[in-house]
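If you want the building blocks of each chain, they are given just below.
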Amino acid sequence: MGPSGAGKSTVLQAIAGLRRPDRGRIAVDERAWFDAAGGIDLAPESRSVGLVFQEYALFPHMSVRANVAFGGPQRADELLERFGIAHLADVRPSAISGGERQRVALARALARGPEVLLLDEPLSALDAHTRGVVRGELEDLLAELEQPALLVTHDMRDATALADRIGVIADGRLRQVGTLPELLDRPADAFVARLTGANVIPAGAVVGGPSGDGQVAVVAHPWELTLATAQPACAAVPGVVHGIVPDGDRARVRVGDVVVQAQAEEVERLGLERGASAWAVLAPGPPRLVAN
Amino acid sequence: MTHRTLLRSLLLAGLLIAVAPVAAAQALTVYAAASLRDAFPRIDGSPTYNFAGSNQLQAQIERGAPADVFVSASPTEAQALFRENRCTRPVTMATNILVIITPKGNPSGVRSVYSLRTGSRRLSVGTAGVPIGVYTRQMLRRLRLTSILSTNRVSLDPNVTAITSKVALGSADAGFVYITDAKSVDDRTETIRLPRWAQPPVRYQICAVRRSGADTSGAQAFISKVRSTNGRRVLRSYGFGLPPRS
Amino acid sequence: MSRSIAGRAGAALPALLTGIALAFLAIPLVALFTEVPLGDVPSLLRDPFVRDALTVTARTNAVANVLIVGFGTPAAYVLATRRFPGRALVVTLVELPLVLPPAVAGIGLLAAFGVGGLLGGPLDDAGIVLPFSEWAVVLAVTFVASPFYLRQAIAAFEGIDPSLTAAARTLGAGPARTLLRVSLPLAAGGLLAGWVLAFARGIGEFGATIVFAGNVRGETQTLTLGIYEQLDADFDQALAIGILLVVLSGAVLLSYKLISAWRSSSSTSLSLFARTSSQST
């Protein structure tokens, strides 16, 4: 997961054999597909990947069935059934909807029985409504899949719903790899923290610490903060209320640069509205610190 | 713009377009057989020349080409135009003889016209309609060697310039041209004489073209120049034969 | 009152100019068919002279077209899909015969393959003399017509979404299978268009042929060379040959249009060829 241009798609392409890294090693189990030091570089067709492209890359001149069968004719019918697109078998890709095309792309990638499934921003080409539906379907698929799958996205919601472990990439570097709880609770740096939607509150400087000197910040998730109209006794950040966004029985309130997720009735009780002064109150206990 | 102004501009434009080509034609235009391409400019360098096969030039003049003088390598074309009242009475002004030329080194070993009987050489010969082609066929008929046109690979070319260039470049093993052409490329070719008794009568005829807008006085002046002592001297120096002085 | 008339004249002017342009293009074609009695055309064309020229044209162009497509397609594919230093220069070189006057092409071919030319010696040693031979015509036609095909073919291959070929590779297709099952079908429309142009240019070739190959009846005299020879001798026959060539070219163009229309209309049904626009879906 990471912002656009971070290099996420490049990683998938390198695994598939479509891009050649300068250094490094790509292996499945102990079998190397690429090894710069050992001079190994298998062609894409010799690797066993199923790559689902961002724009699906369905062959426009073939039917849905021919597309799926391109990778593996024996499993084509079975996959068409499984993805619920058997009724579209003889239709051309241009005549079906975005969600249907995504399923064709998935079926096609799996037809070959690949060792690794690669998904490049699988939901970004879909409209908001379809995205939610397909996310659910993908969740089911990935759960019953035996192969490892690598998914690339810029959307936190996709990562949290679909992934067992998340790797955060920015500027071509891997910042942190871990489960979602790990990322939320122990972000490696301010960037990862912001990516998970946490507030990064500048907290001052550390002098003479074990890693040297530098600025630090406190990482606090919106749901870990509460609101107050008067300065409380514990640590808190003052600010002006910029916006209140209702979200079901909760509301997200922006106090200065900090976002607080509070109960909607709490916001009512405090009588908060735009322009009012308020305090974002940190939870008691040791704060989470990151270098800033 | 009023409609009157628009009409006036269109009319003016039309007139200018119509007048332009007439205004452009000033120099004397001479259409002459290709074999005269070297000699004529030496006799008179000022006219605009169009050298090509006489039959092609005849066809062009019949379709209205802006020639003032016409010179053909055989009486056929000039007489045809005269019968059609497209030119003045033609007058013979030069003669010529046919020869065979081969590329330098004579790679296919042509010793005489009879060598061509063995066949399978590449020959360059004029088309059936161009004077050089007519003369070549006449000669071959007299020599009873017409068959060489079937036993060899023969390229039918539209004028002597095409024939000489093919032989000079080596594309053809041999070609039938006038002796005047052989002289002009003798640095790149070798000449083989043909039997005198078989030579056809080659007569160049000159006439002034009759058409509206023709420069008749300029044409007559040019014809006089060609037939003058100086003109005859130039022609002889290039290898042409001359008719008796009239 | 005068303004509306001028306004109408202003609107009439483009129509007038269009009419003149169309008439200019149409009149020579119409004249071809009206200047000779159409009833005479079949007998004029049955003349052995025309048959020989037609045979030479058919044979030489068939071989030339096979060479053009056979060598041109993989060359275009390489040029379209690979980036290498000097690529722009190579593409320009390939397009050069397009802008070269045909006679210049003929001279160039002579200078290269003629008896005294660059390769004349080695060819002669091998017993091959090109001028006056049918192969000279094949070379001339191939030289002048191939850029028409290559340009279109390169554009057709370049227009293929690279993610489609990448997808084919990840699905287990090697370069050959990818070319055959993905690239060629998607490029087919452009390749066909290029071939139509190359074919038309080929059968109309004159300048390079007459300079390089010569005018040997039954060997190098194509239909166009036949027209040239008959211009002065038998104008009616020249016209008849012209009509034959117009009909031939027209038939090829018409077939191409029909095929294109059929392919673009069959959007959801399956067909042998793919659409020329290969946007991935």
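Please read these numbers as outputs of a predicted model, since none were measured by experiment. (Residues numbered from 1 in each chain as written. Chains lettered and ligands numbered in written order. Predicted model: local features only at pLDDT ≥ 70, side-chain atom pairs only at ≥ 80, totals over all residues. Heavy atoms only, no water.)

Caption draft 1: Highlighting the nonpolar core. Counting residues in each nonpolar core, the largest one holds 61 residues, and the members touching the most others are Leu36(B), Phe40(B), Met93(B), Tyr204(B) and Leu235(B). With 44 residues, the next largest nonpolar core counts Phe59(A), Ala153(C), Ile160(C) and Ala167(C) among its residues. (Core = buried A, V, L, I, M, F, W, Y, C linked by side-chain atoms within 4.5 Å. Buried < 20%, exposed > 50% of the residue type's maximum accessible area, 1.4 Å probe, protein only.)

Caption draft 2: Structural context of helix 9 (residues 175–203) of chain C. Counted at 1.5 Å a residue, the expected span for helix 9 of chain C with its 29 residues is 42 Å, but the 35 Å between its end C-alpha atoms falls short. Where helix 9 of chain C bends most, at Ala188(C), the angle is about 55°. (Helix = DSSP H or I, 4+ residues; strand = E, 2+ residues; numbered from the N terminus. Expected span 1.5 Å × (residues − 1). Bend = angle between axes of the 7 residues up to and from the residue.)

Caption draft 3: Spatial organisation of the packing of aromatic side chains. For the structure shown, the criterion picks out 11 aromatic pairs over all chains. Relative to Tyr49(B), the ring of Phe40(B) has its centre 6.2 Å away and its plane inclined at 50°; by these criteria the two rings are tilted. For Phe40(B), a relative accessible area of 0% translates into the label buried. With centroids separated by 5.0 Å and ring planes inclined at 70°, the aromatic side chains of Phe206(C) and Tyr228(C) adopt a geometry described as edge-to-face. With Phe206(C) in the loop between helix 9 and helix 10 (207–212) and Tyr228(C) in helix 11 (residues 223–233), this pair connects stretches of sequence that are 22 residues apart. Under the relative-accessibility criterion, Phe206(C) is labelled partly exposed at 27%. The rings of Phe40(B), Tyr49(B), Phe51(B) and Phe222(B) are connected pair by pair, giving a single aromatic cluster. Positioned over the ring face of Phe59(A) is Arg108(A), at 4.7 Å from the centre of the ring. The ring of Phe191(A) has Arg175(A) lying over it, and the distance from NZ or CZ to the ring centre is 4.9 Å. (Phe/Tyr/Trp six-rings, centres within 6.5 Å; stacked < 30°, edge-to-face > 60°. Lys NZ or Arg CZ within 6 Å of the ring centre and 35° of its normal.)

Caption draft 4: Expanded view of the interface of chain C and chain B. In this complex, chain C contributes 22 residues to the contact, which on the side of chain B involves 22 residues. Considering only the surface of chain C that becomes buried against chain B, Phe132(C), Asn215(C) and Asp232(C) emerge as the three largest contributors, covering 33% of it. Between chain C and chain B we count zero salt bridges in total. Run the count over chain C and chain B and you get four residue pairs in polar contact (both at pLDDT 80 or more). Classifying every residue of the side of chain C that touches chain B by side-chain character gives 13 nonpolar, five polar and four charged. (Contact = heavy atoms within 4.5 Å. Buried area = accessible area lost by both parts, 1.4 Å probe. Salt bridge = Lys/Arg side-chain N within 4 Å of Asp/Glu carboxyl O. Polar contact = N/O pair within 3.5 Å; in protein donor to acceptor, adjacent residues only side chain to side chain. Nonpolar A, V, L, I, M, F, W, Y, C, P; charged D, E, K, R; others polar.)

Caption draft 5: Structural view of the sheet that holds strand 9 (residues 199–209) of chain A. Residue and element names in this part refer to chain A. Within the open sheet, the three strands sit side by side as 9-10-16. Their pairing is antiparallel. The strands lining the two open edges of the sheet, one partner per strand, are strand 9 and strand 16 (288–291). Averaged over all pairs of adjacent strands, the angle between their axes in this sheet comes to 35°, without regard to strand direction. Relative to strand 16, strand 10 (residues 212–220) runs antiparallel, the two sharing four bridges. Counted as the bridge partner of Val216 is Ala291 from strand 16. (Pairing = 2+ DSSP bridges. Axes fitted to C-alpha atoms, helices over the stretch in contact; angles between N-to-C directions.)

Caption draft 6: Structural view of the interface of chain A and chain C. Contacts between chain A and chain C engage 28 residues on the former and 28 residues on the latter. Summed over both sides, the interface between chain A and chain C buries roughly 2300 Å², with carbon and sulfur atoms accounting for 63% of that surface. The largest per-residue losses of area from chain A upon contact with chain C belong to His61(A), Phe70(A) and Arg92(A), which jointly make up 31% of the total buried on that side. At the boundary of chain A with chain C, the tally comes to one salt bridge. Across the pair Arg169(C) and Glu45(A) runs a salt bridge, and its minimum N-O distance is 2.7 Å. In this assembly, chain A and chain C are joined by four residue pairs in polar contact (both at pLDDT 80 or more). Among the elements that line the side of chain A that touches chain C, the one with the most residues is helix 4 (residues 98–111) of chain A, at three residues.

Caption draft 7: Quick peek at the layout of surface pockets. Here the largest pocket is characterised by a volume of approximately 940 Å³. Considering the residues around the largest pocket, the lining is formed by 32 residues, among which Ala149(A), Leu150(A), Leu151(A), Ala163(A) and Arg165(A) are closest to the centre. Tallied by class, residues from the lining of the largest pocket come to 25 nonpolar, three polar and four charged. One number sums up the size of the second largest pocket: a volume of about 710 Å³. Every residue lining the second largest pocket is counted, 26 residues in all, and those nearest its centre are Thr81(C), Pro162(C), Thr165(C), Ala166(C) and Arg169(C). At the level of secondary structure, the elements contributing two or more residues to the lining of the second largest pocket comprise helix 3 (48–81), helix 7 (134–158), helix 8 (162–170) and helix 9 of chain C. Here the lining of the second largest pocket is composed, by residue class, of 12 nonpolar, seven polar and seven charged. (1 Å grid on protein atoms, 1.4 Å probe; cavity = no way out; pocket = protein on both sides within 12 Å on 5 of 7 lines; lining within 4 Å. Points joined across faces, edges and corners; volume = space filled by probe spheres on them.)

Caption draft 8: Fine view of the confidence of the model for chain C. Residue and element names in this part refer to chain C. Mean pLDDT over chain C: 87, with 93% of residues reaching 70 or higher. Note that pLDDT drops below 50 for residues 267–281; the model gives that stretch 47 contacts with residues more than four away or on any other chain. Scored as a complex, the prediction yields pTM 0.77 and ipTM 0.80. (pLDDT = per-residue confidence, 0-100.)

Caption draft 9: View of the sheet that holds strand 7 (residues 153–157) of chain B. All names here are of chain B. Read from one edge of the open sheet, five strands run 7-6-8-5-9, paired in mixed fashion. A strand with exactly one partner marks an edge of an open sheet, and here the two such strands are strand 7 and strand 9 (189–193). Along the sheet, successive strands turn relative to each other by an average axial angle of 30°, direction set aside. By the bridge criterion, five bridges tie strand 6 (residues 122–126) to strand 7 in an arrangement that is parallel. Note on strand 7: the bridge partner recorded for Gly126 is Asp157. The strands that helix 5 (residues 131–142) touches are strand 5 (98–103), strand 6, strand 7 and strand 8 (174–178); relative to strand 8, the one it contacts most, it runs at about 110°.

Caption draft 10: View of a nonpolar patch on the surface. Taken together, the side chains of Leu7(B), Leu10(B), Leu13(C), Leu16(C), Leu17(C) and Ile20(C) present a nonpolar region at the surface, about 570 Å² in accessible area. Element by element, the count of residues in the nonpolar patch is highest for helix 1 (residues 2–34) of chain C, at four residues. Counting through the fold element by element, Ile20(C) comes out in helix 1. (Patch = residues over 30% accessible without salt bridge, like charges linked within 9 Å, V, L, I, M, F, W, Y side chains within 5 Å. Areas by Shrake-Rupley, 256 points an atom, 1.4 Å probe, with all protein chains shown as cover.)

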